[in-house]
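# Report on the structure
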Amino acid sequence: MRPDTGRNDPAFEFRGSAAWICAGESATAVPRGTSATLGARLARAFDGAPESTIVAGALPFDLTEEDSFWVSTSPRIGGLAGAAPSMAGWTIREMTPAAVYEAGVARALEIIAAGAGQPDGLQKLVLARRLEAMSDREIDRAALMDRLTADPAATAFMLRLPERGQGPRYLAGASPELLMEKRGDRIISHPLAGSSARSADPHADAAARASLAASSKDRHEHRHVVEFLLDTLAPLCHELRCPDGPEITSTRALWHLGTRIEGRLRDPEEPSALLATRVHPTPAVCGVPQARAAALIPELEDGPRGFYAGTVGWNDRRGDGSWYVTIRSAEIEGRVARLHAGAGLVLGSDPETERRETATKFRTFLSALGLEGAELDTLVETMEASR
Ligand SMILES: C=C(O[C@@H]1C=C(C(=O)O)C=C[C@H]1O)C(=O)O
């Protein structure tokens, strides 16, 4: 059953495994700007607004580019969703051919190898590739949102973006990664890094889980993210804790290494949207050192990330809210969905394995588009096999 969100096309909508929140009738756009002015724009949006007001939005990967925010004075909030109507008729184009992606990975690995042992050498880089899915009809966003909700391990989102002249544009996805949640003075971040494809065969699935748990390469990849978050959050918190090592978490398509980090803020007044900008971009989507990685990404990728690998979320009057890493996502414009997927590279990564990982990561959104079963398996296998 679909949640009764009151309207068919809200400016924003988030659905988790147990609750949903979406814009009411009165959503208006927050004036656009970059993260440098976000605090002031949030304050203005909440100034004199009713208690129930919520601001929701998306921050791009590159925080010097403009974000996209909505304010709703009468958001609708409720308990659970469900079901998945079917969709059909897709043409898929790999915008980043396998060979181009692998060449980018190989180049990044050379840079990592050349910097090994040097204090400011590149240690980790997340490289993404692109895919376009074109439907033979206008994409049914309500059906898509229902299908994105199918995985209880992820939070589904659909958010209207500024138009670019080809009609309404949306950011949609099912993110399994919590960047920042704030309730009062308590914060949680649950980074993921280190991945392995799941399998329909229970034995193969258990083996994939076990080999991820034992993989020192993946643990190394993961440790970068946790260390970055602990270092960034430490000055903001008077209490900060996390388990000694990562746990295994999963979505329907992937096993991941994950670590739940919890803290108590020194300044509980700081809005969750701004806390999200402080920790973004983590090495789960960028790299180490951060500035070096952020400069290399546009050089080594074959197109701009836009809102991919940024963050989406919402923020209420008290500053409480939840922000998710914009992955397993796409931009939707008319009949076209533009997908991105990336993989973290460290010393010891292999270009072909990383390319396979991106194919698996595309699976989440492609299955939400209605591609499933043998059709989806064949598509992902072709992507894995193509050269
Ligand atoms: C970059 C993506 O995912 C991120 C990278 C991961 C990895 O490299 O193992 C795992 C989870 C995410 O933090 C993506 O899905 O596009």
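Residues numbered from 1 in each chain as written. Predicted model: local features only at pLDDT ≥ 70, side-chain atom pairs only at ≥ 80, totals over all residues. Heavy atoms only, no water.

Put simply, the test is: UniProt positions are given in the numbering used here, feature names are shortened, and annotations may be inferred rather than shown by experiment.
Taking an unreviewed UniProt entry as the reference, the protein chain is identified by name as isochorismate synthase belonging to Poseidonocella pacifica. Turning to the protein chain, the UniProt annotation filed under Catalytic activity (unreviewed entry) states: "chorismate = isochorismate". Of the protein chain, the UniProt comment under Sequence similarities (unreviewed entry) reads exactly: "Belongs to the isochorismate synthase family."

## Describing the site of the ligand
Basically, it comes down to this: For this description, a residue counts as near a given molecule or strand if any of its non-hydrogen atoms is within 4 Å of it. Counted as a polar contact is a pair of N or O atoms within 3.5 Å, where, for protein atoms, one must be capable of donating a hydrogen and the other of accepting one, and residues adjacent in sequence contribute only when both atoms are in side chains. Here the accessible surface of atoms and residues is derived via Shrake-Rupley with a 1.4 Å probe, and residues count as covered only by protein chains that are part of the display. A cavity here means a set of 1 Å grid points, computed over protein atoms only, where a 1.4 Å probe fits but cannot escape. A pocket is an open set with protein on both sides within 12 Å along at least 5 of 7 lines, and lining residues have an atom within 4 Å of a point. Just a note on the criterion: a molecule sits in a pocket or cavity if more than half of its atoms are within 2 Å of the grid points. All amino acids are sorted into three groups, where Ala, Val, Leu, Ile, Met, Phe, Trp, Tyr, Cys and Pro are nonpolar, Asp, Glu, Lys and Arg are charged, and the leftover types, Gly among them, are polar.
Residues in contact with the ligand amount to 17 residues; listed here are only the nearest, Glu177, Gly194, Ser195, Tyr308 and Arg328. The separation between an oxygen atom of the ligand and a polar side-chain atom of Glu221 is 3.3 Å. A distance of 2.8 Å separates an oxygen atom of the ligand from a polar backbone atom of Gly342. In isolation the ligand exposes 390 Å². Once the protein is present, 100% of that is buried. A molecule is said to occupy a pocket when more than half its atoms come within 2 Å of that pocket's grid points, and by this definition the ligand occupies the largest cavity. Of the residues that constitute the shell around the ligand, the class distribution is seven nonpolar, five polar and five charged.

## Re the sheet that holds strand β5 (residues 68–72)
Rules: Pairing between strands is defined by DSSP: at least two bridges between them are needed. For the purposes of this entry, the term helix denotes a DSSP run of H or I that reaches at least four residues, the term strand denotes a run of E that reaches at least two, and both are numbered from the N terminus. In this analysis, two residues are considered to be in contact whenever any of their non-hydrogen atoms come within 4.5 Å of each other. For helices, the axis comes from a line fit to the C-alpha atoms of the stretch in contact; other axes are also lines fit to C-alpha atoms, and the angle between any two N-to-C directions lies between 0 and 180 degrees.
With antiparallel pairing, nine strands are arranged side by side in an open sheet as β3-β5-β4-β19-β20-β11-β12-β17-β14. With partners counted over all chains shown, the strands left at the sheet margins are β3 (28–29) and β14 (237–241), one partner each. Note: strand β11 (residues 178–183) against strand β20 (residues 321–325), four bridges, orientation antiparallel. Paired with Lys182 across the two strands is Gly321, which belongs to β20. Packing against the sheet, helix α6 (residues 272–279) makes contact with β4 (54–59), β11, β12 (186–190), β17 (261–265), β19 (311–316) and β20, and its axis sits at approximately 145° to β11.

## Some words on the packing of aromatic side chains
Selection criterion: Classification of ring pairs rests on two measures: the distance between centres of Phe, Tyr or Trp rings, Trp counted by its six-membered ring, which must be within 6.5 Å, and the angle between planes, read as stacked under 30 degrees, edge-to-face over 60 and tilted in between. Only protein chains enter the accessibility calculation, which uses a 1.4 Å probe; a residue whose area is less than 20% of its type maximum is buried, one above 50% is exposed, and one in between is partly exposed. Whether a charge sits over a ring comes down to the Lys NZ or Arg CZ being within 6 Å of the ring centre and within 35 degrees of the ring normal.
Here the structure, examined in full by the defined rule, presents two aromatic pairs. With a centroid separation of 6.4 Å and an interplanar angle of 50°, the aromatic rings of Phe12 and Phe14 are classed as tilted. Exposure remark for Phe12: the relative accessible area of 0% places this residue in the buried category. Measuring from centroid to centroid gives 5.9 Å for Phe69 and Trp323, while their planes differ by 45°, and the two rings are tilted. Within this pair, whereas Phe69 is found in strand β5, its partner Trp323 is found in strand β20, the two being separated by 254 residues in sequence. For the pair shown, Phe69 and Trp323 are each scored as buried. Stacked on the ring of Trp70, the Lys or Arg Arg160 has its end atom at 5.1 Å from the ring centre. The ring centre of Trp255 lies 4.1 Å from the NZ or CZ of Arg198, which sits over that ring.

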